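Spelled out, the chains give:
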Amino acid sequence: MTEGSSNICVPKYAGHYDHWAELMENLLRSKDLWDVVEHGVTMETAEARMFSTVVTERSQLTEDQRKLLEDRRMKNLKAKNFLYEAISRDILETILDRSTDSQEHMGLNETKVPGFH
């Protein structure tokens, strides 16, 4: 069975954040996606440190750097997909409330959603 066709049981958030967070972290680590959760997609991330120059524009990237960045973007999308699948629509809409400032935009905190830290 290929990775794309495997049946993955994504833990659903049911009000017990600590338990759910441990399960989600384990799932994302097992799929080699945890690094994008911790470090994001930028060229300054852990794998990108192997390159000696810091690049600010995509046109300045080498082919290897472009491939790395595209790989990280794909991993980011996969991680988001698992998270979106794990959270109900009502909770997701609360989290994605566009009226909050950008620092809280994707944050899960208990003032927005009870049980989220």
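Residues numbered from 1 in each chain as written. Predicted model: local features only at pLDDT ≥ 70, side-chain atom pairs only at ≥ 80, totals over all residues. Heavy atoms only, no water.

Engineer: Account for the nonpolar core, with residues named and values stated.
Structural biologist: Within the largest apolar cluster, 18 residues are counted, with the highest numbers of intra-cluster contacts made by V10, W20, M24, L28, F82, A86 and I87. Listed by contribution, the elements that provide at least two residues to this core are α1 (17-30), α2 (34-39), α3 (63-86) and α4 (89-95). Here this core takes 5 residues from α1, the largest share from any one element. Excluding anything up to four places from it in sequence, A86 contacts V10, P11, K12, Y13, W20 and M24. (Core = buried A, V, L, I, M, F, W, Y, C linked by side-chain atoms within 4.5 Å. Buried < 20%, exposed > 50% of the residue type's maximum accessible area, 1.4 Å probe, protein only. Helix = DSSP H or I, 4+ residues; strand = E, 2+ residues; numbered from the N terminus. Contact = heavy atoms within 4.5 Å.)

Engineer: Account for the pattern of salt bridges, naming residues and giving values.
Structural biologist: Taken as a whole, this structure holds 6 salt bridges when the rule is applied. When the shortest N-O distance is used, the salt bridge between E70 and R73 registers 3.1 Å. With E70 and R73 both in helix α3 and 3 residues apart, the pair spans about one turn of that helix. The residue E93 makes a salt bridge to R89 at a minimum N-O spacing of 2.8 Å. With E93 and R89 both in helix α4, this residue pair falls 4 residues apart, about one helical turn. For E93, a relative accessible area of 45% corresponds to the partly exposed category. Residue R89 is classed as exposed on the basis of its relative accessible area of 65%. (Salt bridge = Lys/Arg side-chain N within 4 Å of Asp/Glu carboxyl O.)

Engineer: Tell me what's going on with the packing of α1 against α3, and back it up with residues and numbers.
Structural biologist: Here α1 crosses α3 at 150°, and the two axes come no closer than 11 Å. Comparing the axis directions of α1 and α3 gives the class roughly antiparallel. The interaxial crossing formed by α1 with α3 has right-handed handedness. Side by side, α1 and α3 meet where W20, M24, L27 and L28 of the first sit next to A79, F82, L83 and A86 of the second. When grouped by side-chain class, the residues that make up the contact of α1 with α3 number 8 nonpolar, no polar and no charged. (Axes fitted to C-alpha atoms, helices over the stretch in contact; angles between N-to-C directions. Parallel < 35°, antiparallel > 145°, perpendicular 65-115°, else oblique. Left-handed = near helix turned anticlockwise from the far one by under 90°. Nonpolar A, V, L, I, M, F, W, Y, C, P; charged D, E, K, R; others polar.)

Engineer: Please provide a residue-by-residue account of the packing of aromatic side chains, values included.
Structural biologist: Applying the stated rule across the entire model yields 2 aromatic pairs. Between Y13 and W20, the aromatic rings sit 5.6 Å apart at their centres with planes inclined by 80°, giving edge-to-face as the arrangement. Under the relative-accessibility criterion, W20 is labelled buried at 4%. For the ring pair Y17 and W20, a centre distance of 6.0 Å and an interplane angle of 50° mean the geometry is tilted. Note that Y17 and W20 are positioned in helix α1 at a spacing of 3 residues, about one turn of the helix. With respect to burial, Y17 and W20 carry one shared label: buried. Grouping aromatic residues by their ring pairs yields a cluster made of Y13, Y17 and W20. (Phe/Tyr/Trp six-rings, centres within 6.5 Å; stacked < 30°, edge-to-face > 60°.)

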